[in-house]
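Commentary on secondary and tertiary structure
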Amino acid sequence: MAAIGFTAAAPIVGLSPVAYAADTVRAEVGKPLQEAQKLAQAGKNKEALAKLKEADAVGGKTPNEIYMIERTRASAAAAAGDNDAAAKAFEAVINSGKLSAAEAPKFTQALAGIYYRAKDYPKAIIWIQRSLKDGDNPQMRELLVQTYYISGKYAEAAKELQSSHANSEASLQMLANIQLKQNDKAGYVQTLEKLAGSYPKTSYWADLLNRVSGKPGFSGTLSLDVLRLRLANGLLSKPGEYMEMSQLALQAGNPAEALKVIDQGYKKGVLGVGSDAARHQRLKDLAVKTAADSEKTAAAQEAELTKNKDADGLSNLGFGMVTAGKVDKGLDLMTKAAKMDDAKHPEELKLHLGIAQAQAGKKPAALATLKTVKGTDGAADLARYWTLVINHPM
């Protein structure tokens, strides 16, 4: 996943200077101060800063005169893009003790934004944290994460994201990027699952399924199930992918599924074209013939599998029936198979039952079944991913 940046804007000040009051400011300070304020109001901020130097030159200024000058300078310097002058003026105003309770947080946030734009990230962090002590502010919290990230404080950024339970797509993307930088593979996958579940996109699903397939201990018998998820999320695009999935479905005793995959490949113009068109047609013919043969032998096959107490075989037969439209009969067989004690892959049987229930439109039952899938061979991961697909389809 490529690194991203937040769209959080550093707070920009819309803080006007207080009006000039003749009875609290001496004339020699008040005259240039008033002229500077008029220049700033006209958008002539550099000229306003120059005019303030006349007020600066007056000796013996009172605390109030200093406050009035610095407040005017803060506004003009921020508007002029003079971050250094603005930062000093803002600090002077904040430390004056003359700001009202309503204004103080605005100036603190603005100062944090000034340091951020000036790329003085250590000071930006200090002032952002100070502003958050005055009260939680989503924009400032987002800016704190951004500042941590830009300044290379990845652990702090991740901690902040996790503690604030940030679930916006941008927040999750940033957390995922941080986890990649920290080589936190488990954390990255967890965040990727949240992205795929809450903001389903092919890029998230492709990454997620590639990672689960490469996970240590992942069972090769789940390859078809990964392809089922890829198909459900629109990730099959190449002829070889459609061919592979249909062939695996045939091997699993589910010719109806193989035929559906092939038909979709034809419908999308992926199969039936090019130099391998004849090969595609042969596979389709095989799927049609196998489906017809399975229909004829289904009863005998069920009897044989039941006699042998072959749970895996009964589950596969039932899955094929569900795909072929015999939903009730197929689900009944799969449910019985999942309860048998001699299954070679018991967790896969529950996984397949959940998938079949989902495909049959039985969402509550599917979610309940998928929740029971355990193990470390990948079945539990895929059950969790099917839950995401059911709750948040592409």
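Residues numbered from 1 in each chain as written. Predicted model: local features only at pLDDT ≥ 70, side-chain atom pairs only at ≥ 80, totals over all residues. Heavy atoms only, no water.

Section: the overall build of the chain
Counting its secondary structure elements, the chain contains 20 helices and zero strands. Computed over C-alpha atoms, the radius of gyration of the chain comes to 33 Å, more than 25% over the 21 Å expected from 2.2 N^0.38 for 394 residues, which places it beyond the range of a compact globule. The C-alpha extent of the chain, read off along each of the three principal axes, is 110 × 45 × 30 Å. In the chain, which comprises 394 residues, the share counted as buried stands at 45%. Nonlocal contacts in the chain, meaning residues at least 24 apart in sequence, comprise 58% of its contacts between residues at least 6 apart. (Helix = DSSP H or I, 4+ residues; strand = E, 2+ residues; numbered from the N terminus. Rg over C-alpha atoms; globule rule 2.2 N^0.38 Å. Buried < 20%, exposed > 50% of the residue type's maximum accessible area, 1.4 Å probe, protein only. Contact = heavy atoms within 4.5 Å.)

Some words on the nonpolar core
By size, the foremost hydrophobic cluster in this structure holds 50 residues, and its most contacted members are F90, L111, I128 and I178. When sequence neighbours within four positions are dropped, the list of residues in contact with I178 reads Y149, Y154, A157, A158 and L161. (Core = buried A, V, L, I, M, F, W, Y, C linked by side-chain atoms within 4.5 Å.)

Focus on the side chain of D312
Within the element layout of this structure, D312 appears in helix α16 (residues 311–323). Although D312 is buried, it makes no salt bridge; K344 carries the closest opposite charge, 6.0 Å away. Dropping the residues within four chain positions of it, D312 is found in contact with D342, A343, K344, H345 and L349. (Lys, Arg positive; Asp, Glu negative; His and termini not counted. Salt bridge = Lys/Arg side-chain N within 4 Å of Asp/Glu carboxyl O.)

A short note on the packing of helix α13 (residues 239–251) against helix α15 (residues 277–307)
Packed helix pairs are characterised by how far apart their axes lie and by the angle those axes make with each other. Between α13 and α15, whose axes approach to 11 Å, the crossing angle comes to 25°. Our classification of the angle between α13 and α15 gives roughly parallel. Seen along the crossing, α13 lies across α15 with a hand that is left-handed. Each of P239, M243, S246, Q247 and L250 in α13 lies in contact with α15, whose residues at this interface are R279, H280, L283, L286, A287 and T290. (Axes fitted to C-alpha atoms, helices over the stretch in contact; angles between N-to-C directions. Parallel < 35°, antiparallel > 145°, perpendicular 65-115°, else oblique. Left-handed = near helix turned anticlockwise from the far one by under 90°.)

Quick word on the packing of aromatic side chains
Considering all chains together, one arrives at four aromatic pairs under this definition. Geometrically, the ring pair formed by W205 and Y385 is edge-to-face, given 6.1 Å between the ring centres and 80° between the ring planes. A residue pair is termed long-range when its members are at least 10 positions apart, and W205 in helix α11 (residues 202–213) and Y385 in helix α20 (residues 379–391) qualify at 180 residues. Overall, Y385 belongs to the buried group, its relative accessible area being 2%. (Phe/Tyr/Trp six-rings, centres within 6.5 Å; stacked < 30°, edge-to-face > 60°.)

A look at the environment of L231
Among the secondary structure elements, L231 is positioned in helix α12 (residues 223–232). Residue classification places L231 among the partly exposed positions, given a relative accessible area of 22%. Between the C-alpha atoms of L231 and M245, which are 14 residues apart in sequence, the distance is 9.2 Å. Ignoring anything within four residues of it in the chain, the contact list for L231 reads L236, Y242, M245, V261 and Q264.

Some remarks on the side chain of H280
Relative to the assigned elements, H280 resides in helix α15. H280 gets classed as buried once you look at its relative accessible area, which sits at 3%. Apart from the residues lying within four places of it in its own chain, the contact partners of H280 are P239, M243, Y266, V270, L271, G272 and V273.

A few points about the domain arrangement of the chain
Under the domain assignment, the chain is made up of domain 1 (28–188) and domain 2 (203–239 + 285–391). Domain 1 and domain 2 are separated by 56 Å when their C-alpha centres are compared. (Domains from an automatic or database assignment.)

Looking at the packing of helix α4 (residues 83–95) against helix α5 (residues 104–117)
As a packed pair, α4 and α5 sit with axes 10 Å apart at the nearest point and diverge in direction by 155°. It follows that α4 is roughly antiparallel to α5 by the angle criterion. The handedness of the crossing between α4 and α5 comes out as left-handed. Residues N83, A86, A87, F90, E91, V93 and I94 of α4 lie in contact with α5, whose contacting residues are F107, T108, A110, L111, I114, Y115 and R117.

A few points about helix α1 (residues 27–41)
Its 15 residues give α1 an end-to-end C-alpha distance of 21 Å, which sits within 8% of 21 Å, the value for a rise of 1.5 Å per residue. Every buried residue of α1 is listed here: V29, G30, P32, L33, A36, Q37 and A40. Buried positions along α1 lie against α2 (45–56) and α3 (63–80). Where α1 terminates, the next one or two residues include G43, which has phi positive at roughly 85°. (Expected span 1.5 Å × (residues − 1).)

Some details on the confidence of the model for the chain
With 94% of its residues at a pLDDT of 70 or more, the chain has an overall mean of 90. Ignoring residues within four places in sequence, the model shows residues 1–14, a span with pLDDT below 50, making 43 contacts including any to other chains. (pLDDT = per-residue confidence, 0-100.)

Focus on the environment of G220
Of note, G220 is situated in the loop between α11 and α12. According to the relative accessible area criterion, G220 is exposed, its value standing at 58%. Sequence separation of G220 and G378 is 158 residues, and the distance between their C-alpha atoms is 9.4 Å.

With respect to unusual backbone geometry
Positive phi, normally seen in glycine, also occurs at N183, with a value near 60°. Mapped onto the secondary structure, N183 falls in the loop between α9 (169–181) and α10 (185–198). Using a relative accessible area of 55% as the deciding quantity, one classes N183 as exposed. We note that K309 has phi near 50°; this positive angle belongs to a residue other than glycine. With respect to the element layout, K309 can be found in the loop between α15 and α16. By relative accessible area, which is 56% here, K309 ends up exposed.

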